[in-house]
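Residue-level listing of the chains:
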Amino acid sequence: MSKVHAQKLGAYWLTSVGSLAMQYSFSVIFVDLLVAFDSTRAATAAVGSLSAGLMDGFGVISGRAIARRGEVVCGSLGALLSGLGLIASSQCKTLWQLYVTYGIVLGVGQSLGLYSGVIACNKWFPENTALASGFANSGAGVGPFAIPFLWAALKRETNGWRGALAALGAMVFAVLFAGALGLAPPPPSSEKRAPVSPIAVSAVPGVRRLMRTTFIFGFGFWIPAVHIVRYGLDRDLSRRRAESLLLYLGAGALTMRVPVGALADRCGRSRVYSAVCLTYAVALAVTPVWERSYEGLAVFSVLCGSCIGSLLSLSATLVVDVREVKDPDALARASGLICAFLGVGGTLGPVIAGAFYDAYETYLPGFYFGAGALALAAISVHVEAKPPDEATTTNSVVV
């Protein structure tokens, strides 16, 4: 690997820390927000799921902005919005204000920051995309490891969750901005191409298949990341042990991205994506087995983290296998479309799980719902996977 490629991976890793690591850590903040605003779990979970969902769901606009303005400019803007969103959230008095500051402002900023790194990585590593994405996205694992301790320390030093959130905003800005500065893309091809419209990209059968698959997948994948700490408290764990479940989730996310990425590049990204989806579905379906003991919940958290981390990395690289999408502009727009559909499902999944809890006073129906969505996504990624026929290719080619 050249020095330039290593530097690009490092920059992408920083954007992963500043975005995905922050999103992974909402489960800790969620507990304090439940107490502070005294609302239902569905309504409170919507704060974090809206932010995570917009991080992905805004991807279609982020992809278009990055194609026009470049990774460095958009990544820097994302850093600014992320920092401001968290600082403004620290002053909110009602949940609807948090929906705006934490959900929308932070979510849009995180989208610009993260996908500037994703698109730059796809351009720099066209051959080993899944492996490179897995390595760079390992930065997401920093959040579950660091945030429980950092959050507790910041609350002590700043007299509560409000000061801690403001301090976190300054840190997120610094990390994302540092990453954005290193995201310059490779030199453009000398061949001039006409601009590609999102409509043309969405007409490609392979892109439509991935849009549908990630939409379904979104309903299940983010549920444990939002609810795991509160779930542990419901199982009569101490606050310290419940928060340690997030550490186990982070350990899984941190350790499995790179080996799964390497396996995907060797055995086929769609095939490995499907296998991991099914593994995750089984893990959620047998939740009653895990919840019998703290040790079982720890294993459950590691499995969830491993699958979340691996699938997020793979979701960003599946588009590379669509042979009609090779132009950098088309690649950026296709990545944005796919992530936008992931964001819609990701926004609703944790809210639905919270609504199931509010109705039945147990998370089990929500976990079963997530398992069904993941199993369906594992099948969906292979449906209509055949290359388009000649007529379709002529009408929708975007290379």
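Residues numbered from 1 in each chain as written. Predicted model: local features only at pLDDT ≥ 70, side-chain atom pairs only at ≥ 80, totals over all residues. Heavy atoms only, no water.

Caption draft 1: How the structure looks around the overall build of the protein. Each helix and strand in the protein was counted, giving 19 helices and 0 strands. A sequence separation of at least 24 residues applies to 85% of the contacts in the protein between residues at least 6 apart. Accessible area for the protein stands at about 15300 Å²; split by element, carbon and sulfur atoms hold 65% of it. (Helix = DSSP H or I, 4+ residues; strand = E, 2+ residues; numbered from the N terminus. Contact = heavy atoms within 4.5 Å. Areas by Shrake-Rupley, 256 points an atom, 1.4 Å probe, with all protein chains shown as cover.)

Caption draft 2: Examining a nonpolar patch on the surface more closely. Residues L77, L80, L84, F173, F177 and L181 make up a contiguous nonpolar surface patch of about 520 Å² in total accessible area. Among the secondary structure elements, those contributing two or more residues to the nonpolar patch are helix 5 (71-89) and helix 9 (161-180). Top contributing element to the nonpolar patch by residue count: helix 5, with 3 residues. Inspection of the secondary structure assignment puts L80 in helix 5. Using a relative accessible area of 41% as the deciding quantity, one classes L80 as partly exposed. (Patch = residues over 30% accessible without salt bridge, like charges linked within 9 Å, V, L, I, M, F, W, Y side chains within 5 Å. Salt bridge = Lys/Arg side-chain N within 4 Å of Asp/Glu carboxyl O. Buried < 20%, exposed > 50% of the residue type's maximum accessible area, 1.4 Å probe, protein only.)

Caption draft 3: Inspection of empty space enclosed by the protein at higher detail. For the structure on display, the rule yields 4 cavities of 30 Å³ or more. Its volume calculated, the largest cavity comes out at about 100 Å³. Looking at the largest cavity, it is lined by 13 residues, and the ones nearest its centre are D56, L114, Y115, L312 and A316. Going through the elements one at a time, helix 1 (3-24), helix 3 (41-57), helix 6 (95-124), helix 16 (294-315) and helix 17 (328-360) are the ones with two or more residues in the lining of the largest cavity. It is helix 6 that provides the largest number of residues to the lining of the largest cavity, a total of 3 residues. (1 Å grid on protein atoms, 1.4 Å probe; cavity = no way out; pocket = protein on both sides within 12 Å on 5 of 7 lines; lining within 4 Å. Points joined across faces, edges and corners; volume = space filled by probe spheres on them.)

Caption draft 4: Inspection of the pattern of salt bridges at higher detail. Applying the stated criterion across every chain, the model contains 7 salt bridges. Notably, a salt bridge pairs D234 with R230, separated by 3.1 Å at the nearest N-O pair. Residue D234 and its partner R230 are located together in helix 12 (residues 223-234), separated by 4 residues, close to a single helical turn. By relative accessible area, which is 24% here, D234 ends up partly exposed. Salt-bridge contacts for E243 lead to R239; the nearest nitrogen and oxygen are separated by 2.6 Å.

Caption draft 5: How the structure looks around the confidence of the model for the protein. Residues with a pLDDT of 70 or more make up 86% of the protein, whose mean pLDDT is 84. Mean pLDDT in the protein bottoms out at helix 19 (residues 390-396), which sits at 43, and peaks at helix 18 (residues 364-380), which reaches 96. Within the model, pLDDT remains below 50 along residues 390-399, and this stretch shows 22 contacts once partners closer than five positions in the same chain are excluded. (pLDDT = per-residue confidence, 0-100.)

Caption draft 6: Spotlight on the environment of I228. On the secondary structure map, I228 appears in helix 12. Spatially, the C-alpha atoms of I228 and L297 are 9.3 Å apart, while their sequence positions differ by 69 residues. Apart from the residues within four sequence positions on either side, I228 is in contact with S27, L245, L246, F300 and S301.

Caption draft 7: Up close: the side chain of S90. Structurally, S90 can be placed in the loop between helix 5 and helix 6. Accessibility expressed as a relative area gives 0% for S90, which makes it buried. Among the polar contacts listed, one links the side chain of S90 to the backbone oxygen of I87, at a separation of 2.5 Å. A distance of 3.2 Å separates the side chain of S90 from the side chain of Q91, its partner in a polar contact. The residues touching S90, leaving out its near neighbours within four places in the chain, are R162, L165 and A166. (Polar contact = N/O pair within 3.5 Å; in protein donor to acceptor, adjacent residues only side chain to side chain.)

Caption draft 8: Layout of the packing of aromatic side chains. For the structure on display, the rule yields 20 aromatic pairs. Ring centres 4.8 Å apart and planes at 25° place the aromatic pair F217 and F221 in the stacked group. Here F217 and its partner F221 are both found in helix 11 (residues 205-221), 4 residues apart, which amounts to about one turn of the helix. The exposure class of F221 is buried, given its relative accessible area of 3%. When the centroid spacing of 6.0 Å and the interplanar angle of 25° are considered together, the rings of Y363 and F367 count as stacked. (Phe/Tyr/Trp six-rings, centres within 6.5 Å; stacked < 30°, edge-to-face > 60°.)

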